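Chain by chain, the residues:
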Amino acid sequence: MRRTRQGPSFLARLGIGLYNALVVVSAIIVACYAAYQIFVRPPAVQPPDIPDSSQTDVSGQEQGGLKRRDQVWTFLLMGTDDGNGNADTLMVAMYDVKQQKVGVVSIPRDTIVDRAWSRYPKINGAYSKGVDRVREEVSYLLGIPIDYYIKVDIKAFVALVDEVDGVDFNVPVDMDYDDPWQNLSIHYKKGMQHLNGQQALEVVRFRHNNDMSGYSDVGRTQTQQALLTAVAKKVLSWNNVTKIGGFVDIFANYVDTDLDATDMAYFASQALYLDLNTGVSTKTLEGRGDATYKGYTWCYELDKDKALADINAMLNPYTTTVTDEMAHIMKADSYAT
């Protein structure tokens, strides 16, 4: 009796199918990785603005006697208030991808600047002139190039905090402030609080109580930095992976930047390795806020030595030190006290 030849068993066919599927998936992974390597490349950097310099390309090599550190970028961060063009927050960030270090420095809005384009000597005078003017002013003040800007409408902050179901934050002082003209009513006790988006906005906008207790603009910027860090940790936690679509919508509606999609993809891929607990440092440039300059009172004079130390420790993209000649930190004419 002849035996008919049987085909592969079910288990054999299953094994072959899994093998073929694995081959296909592997091919897709290799193709995606190859595409990533081709299209997601490190973004360009800005050469220093030095007259008659022998600038080459934007690869970070020798430019007018200065050399950029490899894989280090700088960013101007602006928070605008309710779409009226006023910047409520002004920060500069440095991201060292190789070392996975981020430095964020706040610039008080009344910081003294002295430029021919305006008689008004405070840096917030550049806000109404547009992002390019602010970028130029910040670069001139600190003595470093600014590679990219990120301007965020304050509504994005509210939406982002609400998207992650609020944030736990240690409010630094008792807050008791009412201002009917600005429709502000800020009332929080010192200590740990769970804040929704609107509450978080009120905390970062707080300057002082109605009886003038509280803290100065420097204390305010320190609170802003701390709360922004707390929000960033919440956004980047694994619990919020499913909310990427919401984050994208918020970014599209409220953020203006000159980073293109490829640039953002690169930085997002690198930020996965950033430890927010140990890799991020924040600081507010120190000085005094009772300065008078060219007839304008209550200007903020930076402490030159401390400012240069902070610039070099947290923001400097060069292989050499930022010097007094490179930065342009102005001296006040007099002081109120």
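Here is a short report on the structure shown in this document. (Residues numbered from 1 in each chain as written. Predicted model: local features only at pLDDT ≥ 70, side-chain atom pairs only at ≥ 80, totals over all residues. Heavy atoms only, no water.)

**What about the sheet that holds strand β15 (residues 334–335)?**
Heads up, the condition is: Two strands qualify as a pair provided DSSP detects at least 2 bridges between them. What counts as a helix is a DSSP run of H or I of at least four residues, what counts as a strand is a run of E of at least two, and both are numbered from the N terminus.
Here three strands make up an open sheet; going across it, the order is β14-β13-β15 and the pairing antiparallel. The sheet is open, and its two edges are formed by β14 (296–302) and β15, each paired on a single side. For strand β13 (residues 287–293) and β15, the ladder comprises two bridges, and the chain directions are antiparallel. Following the sheet pairing, Ala291 is matched in β15 by Tyr335.

**What about the packing of helix α3 (residues 154–163) against helix α4 (residues 197–205)?**
Quick note on the threshold: Every axis in this analysis is a line fitted to C-alpha atoms, fitted for helices over the stretch in contact. Angles between the N-to-C directions lie between 0 and 180 degrees. Any angle from 65 to 115 degrees is called roughly perpendicular, while one under 35 is roughly parallel, one over 145 is roughly antiparallel, and all others are oblique. Crossing handedness follows the turn of the near helix against the far one: under a right angle anticlockwise gives a left-handed crossing, and clockwise gives a right-handed one. We call two residues in contact when some of their heavy atoms are within 4.5 Å. All residues other than Ala, Val, Leu, Ile, Met, Phe, Trp, Tyr, Cys, Pro, Asp, Glu, Lys and Arg, Gly among them, are scored as polar; the first ten of these are nonpolar and the last four charged.
Axis separation between α3 and α4 bottoms out at 7 Å; the angle between their running directions is 130°. The angle between α3 and α4 falls in the class oblique. The handedness of the crossing between α3 and α4 is right-handed. Facing α3, whose interface residues are Ile154, Phe157, Val158, Val161 and Asp162, α4 presents Gly197, Gln198, Ala200, Leu201 and Val204. Of the residues contributing to the contact of α3 with α4, the split by class is seven nonpolar, two polar and one charged.

**Description of the packing of aromatic side chains**
Definition in use: The criterion for an aromatic pair is that two Phe, Tyr or Trp rings (for Trp, the six-membered ring) have centres within 6.5 Å, with stacked assigned to planes under 30 degrees apart, edge-to-face to planes over 60 apart and tilted to the rest. Under the scheme applied here, a residue whose accessible area is under 20% of the maximum for its type counts as buried, over 50% as exposed, and between as partly exposed, the area being computed with a 1.4 Å probe on protein chains only. Lysine NZ or arginine CZ positioned within 6 Å of the ring centre and within 35 degrees of the ring normal marks a charge as sitting over the ring.
Inspection of every chain in the model, using the stated rule, returns seven aromatic pairs. Taken together, a centroid distance of 5.3 Å and an interplanar angle of 85° make the contact between Trp73 and Phe267 edge-to-face. Of the two residues, Trp73 is situated in strand β3 (residues 72–80) and Phe267 in helix α7 (residues 261–271); the sequence distance between them amounts to 194 residues. The burial state of Trp73 is the same as that of Phe267; both residues are buried. Here the aromatic residues Trp73, Phe75, Tyr95, Tyr148, Tyr266 and Phe267 are joined through ring pairs into a cluster of three or more. Note that Arg115 overlies the ring of Tyr140, its terminal NZ or CZ placed 3.7 Å from the centroid. For the cation-ring pair, Arg288 lies above Tyr335, with the distance from its terminal atom to the ring centre recorded as 3.8 Å.

**Re the side chain of Asp290**
Note the cut-off: We call two N or O atoms a polar contact when they sit within 3.5 Å, provided that within protein one can donate a hydrogen and the other can accept it, with sequence-adjacent residues counted only if both atoms are side-chain atoms.
Position of Asp290 among the secondary structure elements: in strand β13. Using a relative accessible area of 9% as the deciding quantity, one classes Asp290 as buried. A polar side-chain atom of Asp290 sits 2.8 Å from a polar atom in the side chain of Arg288. In this structure, Asp290 is in contact with Trp298, Cys299, Ser334, Tyr335, Ala336 and Thr337, ignoring residues within four places of it in sequence.

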